[in-house]
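These are the residues of each chain, in order.
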Amino acid sequence: VLDGITLKLVFAPNRDPKSEDPVVVIITTWTDKKKVAQSYLMRWNIERMFRQLKTDGFNLEANNLGSSARRNLLTMLVCLAYSITIRVAIDEKVKSPMVVRKDGTTHARKSLFQMGLDLLASYRRTMTDFIKLVANMIKAKNNPILANV
């Protein structure tokens, strides 16, 4: 109990292949362990997206744009590119080779983001090809990534 609030510890397997810690410890006020684990997984996916946007993929941190309007425009375009990258990997049903950890669990060698980025790199022969790819994605019915664009 901290300041009258009951806190609980939830221990979950660490799915980060780069981490040496086998367990993630989550401090929460929730009682439903499954809800805690699902929420943490969603949060972890968001953290991975930010890492991929900032340093691992689009390298947003290296850009020095003067005005906030330019930064906002670039961020919006990069987020759209990120969504397209993930969608391409999903649409192509790309499967990454699996890696077995010391504890016997497995994880994908490459993330959906990296697989989609590799596919987009192979598509970018011409700007026209890339624009056609994006236009086809926008036209696709029930496309959850671009449905509200």
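Residues numbered from 1 in each chain as written. Predicted model: local features only at pLDDT ≥ 70, side-chain atom pairs only at ≥ 80, totals over all residues. Heavy atoms only, no water.

Visitor: Would you mind showing me how to read the confidence of the model for the protein chain here?
Guide: Of the residues in the protein chain, 82% have a pLDDT of 70 or more, and the chain-wide mean is 77. Within the protein chain, the lowest mean pLDDT, 70, falls on helix α4 (residues 127-139), and the highest, 87, falls on strand β2 (residues 23-28). (pLDDT = per-residue confidence, 0-100. Helix = DSSP H or I, 4+ residues; strand = E, 2+ residues; numbered from the N terminus.)

Visitor: I keep staring at the packing of helix α1 (residues 33-56) against helix α2 (residues 68-91) and nothing clicks. Help me out?
Guide: Geometrically, a packed helix pair is captured by the angle between its two axes and the distance between the axes. In contact at an axis separation of 11 Å, α1 and α2 are set at 115° when each is read in the N-to-C sense. Relative to α2, α1 is oriented so that their crossing is right-handed. Facing α1, whose interface residues are Met49, Gln52 and Leu53, α2 presents Val78, Cys79 and Tyr82. Taken together, the residues of the contact of α1 with α2 break down into five nonpolar, one polar and no charged. (Axes fitted to C-alpha atoms, helices over the stretch in contact; angles between N-to-C directions. Left-handed = near helix turned anticlockwise from the far one by under 90°. Contact = heavy atoms within 4.5 Å. Nonpolar A, V, L, I, M, F, W, Y, C, P; charged D, E, K, R; others polar.)

Visitor: Explanation requested: α2 in the structure shown.
Guide: In an α-helix, one turn spans 3.6 residues; hence positions three or four apart end up facing the same way. Helix length check: α2, at 24 residues, gives a terminal C-alpha distance of 34 Å against a target of 34 Å (1.5 Å per residue), a fit within 8%. Where α2 is concerned, the buried positions are Val78, Tyr82, Ile84, Thr85, Ile86, Arg87, Val88 and Ala89. Backbone geometry just downstream of α2 places Lys93 in the positive-phi region, at approximately 50°. (Expected span 1.5 Å × (residues − 1). Buried < 20%, exposed > 50% of the residue type's maximum accessible area, 1.4 Å probe, protein only.)

Visitor: Teacher, can you tell me more about the packing of aromatic side chains here?
Guide: How two aromatic rings sit relative to each other is given by the distance of their centres and the angle of their planes. Inspection of the entire model under this criterion finds one aromatic pair. When the ring of Tyr82 is compared with that of Phe113, the centres are 5.3 Å apart and the planes differ by 25°; the resulting orientation is stacked. Note that Tyr82 is positioned in helix α2 and Phe113 in helix α3 (residues 112-123), a separation of 31 residues in sequence. Judged by relative accessible area, which is 12%, Tyr82 ranks as buried. Lying across the ring of Trp30, Lys35 places its NZ or CZ 4.5 Å from the centre. (Phe/Tyr/Trp six-rings, centres within 6.5 Å; stacked < 30°, edge-to-face > 60°. Lys NZ or Arg CZ within 6 Å of the ring centre and 35° of its normal.)

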